[in-house]
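Each chain, letter by letter, is given below.
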Amino acid sequence: MIEKVAIIGLGLIGGSLAKAIRKYTNLGIIGVDVKDDYIDEALREGIIDEGLKEIDKPIDTDVVFVCTPVGIVINCIEEMLPHLKDGCVITDVGSTKKTIMDAVKGILPKDKFFIGGHPMAGSEKYGFSSSSSELFFGSNYFIIPDEKTPDSVVEIFIDEIIKKIGANPILVDSYSHDRIVGIVSHVPHILSAALTNFAYREDADAIRFAAGGFKDSTRISMSQTEMWKDIILNNKDVIKRLIIDYENLLNEFLFSLDCDDIKSLCEFFDTAREIRKSIAS
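Residues numbered from 1 in each chain as written. Predicted model: local features only at pLDDT ≥ 70, side-chain atom pairs only at ≥ 80, totals over all residues. Heavy atoms only, no water.

Asks: Help me understand the overall build of the protein chain in this model?
Replies: Helix and strand content of the protein chain: 10 helices and 8 strands. Its C-alpha atoms give the protein chain principal-axis dimensions of roughly 70 × 40 × 30 Å. Counting every atom, the protein chain has about 15,400 Å² of accessible surface; 54% of that belongs to carbon and sulfur. In the protein chain, the 31 positive side-chain charges and the 45 negative ones have mean positions that sit 1 Å from each other. (Helix = DSSP H or I, 4+ residues; strand = E, 2+ residues; numbered from the N terminus. Areas by Shrake-Rupley, 256 points an atom, 1.4 Å probe, with all protein chains shown as cover. Lys, Arg positive; Asp, Glu negative; His and termini not counted. Charge placed at Lys NZ, Arg CZ, Asp CG, Glu CD.)

Asks: I keep staring at the sheet that holds strand 4 (residues 63–66) and nothing clicks. Help me out?
Replies: By way of backbone hydrogen bonds, the strands of a sheet pair with one another, either parallel or antiparallel. Ordered in space as 3-2-1-4-5-6-7-8, the 8 strands form an open sheet in which the pairing is mixed. Strands at the two margins of the open sheet, each flanked by one partner only, are strand 3 (50–52) and strand 8 (168–171). Taken over all neighbouring pairs, the strand axes of this sheet differ in orientation by 25 degrees on average, direction set aside. Sitting on the sheet, helix 1 (residues 12–24) is in contact with strand 1 (4–8), strand 2 (28–32), strand 4 and strand 6 (113–119), with an inclination near 160 degrees to strand 1. (Pairing = 2+ DSSP bridges. Axes fitted to C-alpha atoms, helices over the stretch in contact; angles between N-to-C directions. Contact = heavy atoms within 4.5 Å.)

Asks: Can you help me understand the pattern of salt bridges in this one?
Replies: Side chains that differ in sign of charge can pair as their charged atoms come close. With the rule as written, the count across this model stands at 13 salt bridges. Residues K23 and E134 are paired through a salt bridge, measuring 2.8 Å at the closest nitrogen-oxygen approach. Taken together, the positions of K23 in helix 1 and E134 in the loop between strand 6 and strand 7 (140–145) put the pair 111 residues apart, joining distant regions of the chain. Taking the relative accessible area as the measure of exposure, E134 reaches 32% and is therefore partly exposed. The closest approach of N and O atoms between K53 and D36, which form a salt bridge, is 3.6 Å. (Salt bridge = Lys/Arg side-chain N within 4 Å of Asp/Glu carboxyl O. Buried < 20%, exposed > 50% of the residue type's maximum accessible area, 1.4 Å probe, protein only.)

Asks: It is not clear to me how the packing of helix 6 (residues 174–202) against helix 9 (residues 236–258) should be interpreted in this structure. Could you clarify?
Replies: Geometry of a packed helix pair, given as the angle between the helix axes and the separation of the axes. Relative orientation of the contacting elements helix 6 and helix 9 amounts to 60 degrees, with a least axis distance of 9 Å. Classed by the angle they form, the pair helix 6 and helix 9 counts as oblique. Here helix 6 runs over helix 9; the crossing is right-handed. Contacts between helix 6 and helix 9 pair Y175, D178, R179, G182, I183, H186, V187, I190 and L191 from the former with V238, I239, R241, L242, I243 and Y246 from the latter. Here the residues of the contact of helix 6 with helix 9 sort into 10 nonpolar, 2 polar and 3 charged. (Parallel < 35°, antiparallel > 145°, perpendicular 65-115°, else oblique. Left-handed = near helix turned anticlockwise from the far one by under 90°. Nonpolar A, V, L, I, M, F, W, Y, C, P; charged D, E, K, R; others polar.)

Asks: Please clarify how the nonpolar core should be interpreted in this entry.
Replies: Taken as a class, soluble globular proteins show a tendency for nonpolar side chains to be buried jointly. One finds V5, I7, F65 and I161 to be the most contacted residues of the largest nonpolar core, which totals 37 residues. Among the secondary structure elements, those contributing two or more residues to this core are strand 1, helix 1, helix 2 (36–44), strand 4, strand 6, strand 7 and helix 5 (151–162). If sequence neighbours within four positions are ignored, F65 has contacts with V5, A6, I7, I8, L17, I21, T91, Y141, F157 and I161. Membership of the second largest hydrophobic core comes to 28 residues, among which are I59, C76, C88 and W228. (Core = buried A, V, L, I, M, F, W, Y, C linked by side-chain atoms within 4.5 Å.)

Asks: Help me out: how do you make sense of a positive patch on the surface in this one?
Replies: On the surface, a cluster of positive charge is contributed by R179, K236, K240 and R241. Ranked by the residues each element gives to the positive patch, the list is headed by helix 9, at 3 residues. Positionally, K240 belongs in helix 9. A relative accessible area of 52% places K240 in the exposed class. (Patch = residues over 30% accessible without salt bridge, like charges linked within 9 Å, V, L, I, M, F, W, Y side chains within 5 Å.)

Asks: Sorry, what's going on with the pairing of strand 5 (residues 89–92) here?
Replies: In regular strands, side chains alternate between the two faces of the sheet. Burial of strand 5 is two-sided: the residues V89 and T91 facing one way and the residues I90 and D92 facing the other way are all buried. Alignment of strand 4 against strand 5, held across 4 bridges, turns out to be parallel. Paired with V64 across the two strands is I90, which belongs to strand 5. As for the winding sense of the linkage, the β-α-β connection from strand 4 through helix 3 (residues 73–80) to strand 5 is right-handed. Across 3 bridges, strand 5 lies against strand 6 in parallel orientation. From the neighbouring strand, T91 faces strand 6, where its bridge partner is I115. Between strand 5 and its parallel partner strand 6, the chain crosses via helix 4 (residues 98–107), and the hand of that crossover is right-handed. (Right-handed = clockwise from strand over helix to strand, strands pointing away.)

Don't take any of this as a statement about function, it's just geometry.
Rendered as structure tokens:
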């Protein structure tokens, strides 16, 4: 049974977790963040019961969510391990999994459990003020348990937190996770940034005339660089292979264009339109 959680990092995802857990459960919440204004705002709104700048003393929590940038997740876990009680579940929300899961195996003691997590929800905005209790409602939430974590622990975590905040738990292995998010999140983010840079390099003045299509396609390029730097580097092998595949697709399009192959060009757009229709808006 889970009675209290700690959330390290009260930005968009961590803040939204805190708000969702506060709204949809009766769990106690400790908020941890180096930014005093995040802690103060969360306390003032009654979202957390206690605020800390770091975990440097024993805390009586059943679950700890690590909502830091991917690049510092492991260091964060190492530093807090001595202060966690036996049986505590540690989970993260990082957008890459294999690197984190492999590292955890080498540092996790027998009396602690790890469940890799990744909510497929977010925004180009950031910070506690942008967080929402409804961010996870109806979204998929990837669950990647460490091999030593008992199924019963995973089930309790899912039933008492993930389902209650409105998310749809999806159990996968770390490789499958990293490939899936590479396809639908990481490479699209790179392409969004590439399109923005391309337009500016081709004709900076053209940006002034950008309308809905361009704005929609480039919205995610406004996301935080620090966060995405860590994500890209931690999933670079998958991303490199996917970008090569994407380049091959563009080359096929160029070939059709050179050949004035109207049929292939139409199929290119028709196929994309039908696939997009199948995706819930």
